[in-house]
Amino acid sequence: MDHKAFKDKIADFLLENQPEDIKAFMNEMQTLMSYYKCAMHEIEAKFKVLNEQFSLQHERNPIESIKTRLKSFESIKEKLERKGLPLTTDAIWNSLNDVAGVRVVCSFIDDIHMLAYCLISQDDVKLIEIKDYIKHPKPNGYRSLHLIVEVPIFLCDDKRLVRAEVQLRTINMNSWAKLEHRMRYKKHLSDEILAKTHDELLECAEISNQLDLKMQAIRNIIEK
Ligand code: 0O2
């Protein structure tokens, strides 16, 4: 979405609501976003601990990088609209699981499943949903392991259970997804361009997967 379209969306939102409602909504949003931010940091810290422990035991780091992101207001609004839900903090809290996102990029495919298992085995982490786009890649070739998890965050006088989406991928899956995201994902491209690029991108995803499988096989030989 370009800058103008985004401004128009915000303007629509302001027109549809009374000033006092907007103020209350903005305050609630701020609180909600702070909960999501805390959950993201909790999960990031858990992965950092796992990486550290693994490097002590096995002298290598399974994690290449960890990125956290909060879903933008525009993207939250768009997703609620797509699901036919109102733009309220209740709808966000009850129906969106990916406002807080943590992306973990791993060296090898096996590390993805090992790290996912270590995370969801922790007794303060509740697994809500798994989408295994590695076992079942999307038709365009997209691969990643997605987990929706719920973690507690501890406030001064309260505790909240917050949901977040964790995406685990290899370096190769991440490179493909980043480029595909930049070029094609959610872009309003013509059917002709979509058809023309579909097979090429799928082929790139297959080549990238071959590379992951070969690297994993080499590592297995070395570690035996
Ligand atoms: P962005 O811009 O990355 O934040 P659901 O939550 O179940 O209602 P959703 O949101 O489609 O449905 O969930 P899914 O399938 O788990 O995908 C969520 C995220 O995975 C996306 O976030 C992307 O980050 C990534 N993703 C999924 N499919 C693709 C794909 O084909 N290509 C690329 N590059 N990334 C993909 P967002 O919020 O849609 O987008």
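Throughout what follows, the structure given in this document is the object of discussion. This is a predicted model, so every value here is computed, not measured. (Residues numbered from 1 in each chain as written. Predicted model: local features only at pLDDT ≥ 70, side-chain atom pairs only at ≥ 80, totals over all residues. Heavy atoms only, no water.)

With that out of the way, let us pick up the site of the ligand. Near the ligand there are 19 residues, and of these Lys71, Lys79, Lys131, Tyr133 and Lys138 occur at the shortest range. Within the side chain of Lys71, one N or O atom sits 2.7 Å away from an oxygen atom of the ligand. A distance of 2.7 Å separates an oxygen atom of the ligand from a polar atom in the side chain of Lys79. For the ligand, whose accessible area on its own is 760 Å², the fraction buried by protein is 81%. For the shell around the ligand, the secondary-structure elements that each account for two or more residues are strand 5 (159–170) and helix 6 (171–183). With 3 residues, the top contributor of residues to the shell around the ligand is helix 6. (Near = heavy atom within 4 Å. Polar contact = N/O pair within 3.5 Å; in protein donor to acceptor, adjacent residues only side chain to side chain. Areas by Shrake-Rupley, 256 points an atom, 1.4 Å probe, with all protein chains shown as cover. Helix = DSSP H or I, 4+ residues; strand = E, 2+ residues; numbered from the N terminus.)

The next subject is the nonpolar core. Soluble, globular proteins show a tendency: their nonpolar side chains are buried together. Phe47, Ile92, Val104, Val166 and Leu168 are the most contacted members of the largest nonpolar core, which totals 43 residues. When contributions to this core are tallied by element, the ones reaching two or more residues are helix 2 (19–58), strand 1 (63–70), helix 3 (73–82), helix 4 (89–95), strand 2 (100–106), helix 5 (109–120), strand 4 (145–154) and strand 5. Among residues more than four places away in sequence, those in contact with Phe47 are Ile63, Ile66, Val104, Leu115, Leu119, Val166 and Leu168. Counting residues in hydrophobic clusters, the runner-up holds 6 residues, among them Tyr133, Tyr142, Trp176 and Ala177. (Core = buried A, V, L, I, M, F, W, Y, C linked by side-chain atoms within 4.5 Å. Buried < 20%, exposed > 50% of the residue type's maximum accessible area, 1.4 Å probe, protein only. Contact = heavy atoms within 4.5 Å.)

Spatial ordering of the open sheet is given by 1-2-5-4-3, a layout of 5 strands whose pairing is mixed. Lying at the two open borders of the sheet, with one neighbouring strand each, are strand 1 and strand 3 (126–132). Put simply, the sheet's adjacent strands are angled 25 degrees from each other on average, direction ignored. Here strand 4 runs beside strand 5; their pairing, made up of 10 bridges, is antiparallel. From the neighbouring strand, His146 faces strand 5, where its bridge partner is Gln167. Sitting on the sheet, helix 6 touches strand 1, strand 2 and strand 5, and the angle it makes with strand 5 is about 95 degrees. (Pairing = 2+ DSSP bridges. Axes fitted to C-alpha atoms, helices over the stretch in contact; angles between N-to-C directions.)

A separate point is a nonpolar patch on the surface. A surface patch of nonpolar side chains, about 390 Å² in accessible area, is lined by Leu211, Met215, Ile218 and Ile222. Residue placement: Leu211 occurs in helix 7 (residues 191–223). (Patch = residues over 30% accessible without salt bridge, like charges linked within 9 Å, V, L, I, M, F, W, Y side chains within 5 Å. Salt bridge = Lys/Arg side-chain N within 4 Å of Asp/Glu carboxyl O.)

With that settled, consider the packing of aromatic side chains. The full count for this structure, using the stated rule, is 4 aromatic pairs. On the basis of an interplanar angle of 65 degrees and a centroid distance of 6.4 Å, the ring pair of Phe25 and Phe73 is categorised as edge-to-face. Placement of the pair is Phe25 in helix 2 and Phe73 in helix 3, with a sequence separation of 48 residues. Note on Tyr35 and Trp93: the rings are 6.3 Å apart at their centroids and 65 degrees apart in plane angle, and the pair reads as edge-to-face. Taken together, the residues span a long stretch of sequence, with Tyr35 in helix 2 and Trp93 in helix 4 at a distance of 58 residues. (Phe/Tyr/Trp six-rings, centres within 6.5 Å; stacked < 30°, edge-to-face > 60°.)

For Phe154, the position within the fold is in strand 4. Classification of Phe154 as exposed rests on a relative accessible area of 60%. Expressed as a C-alpha distance, the spacing of Phe154 and Tyr35, which sit 119 residues apart in the sequence, is 9.6 Å.

Mapped onto the elements of the fold, Gly84 is located in the loop between helix 3 and helix 4. Among the residues examined, Gly84 registers a relative accessible area of 65% and is labelled exposed. Distance from Gly84 to Ser95, taken between C-alpha atoms, is 11 Å for residues 11 residues apart in sequence.

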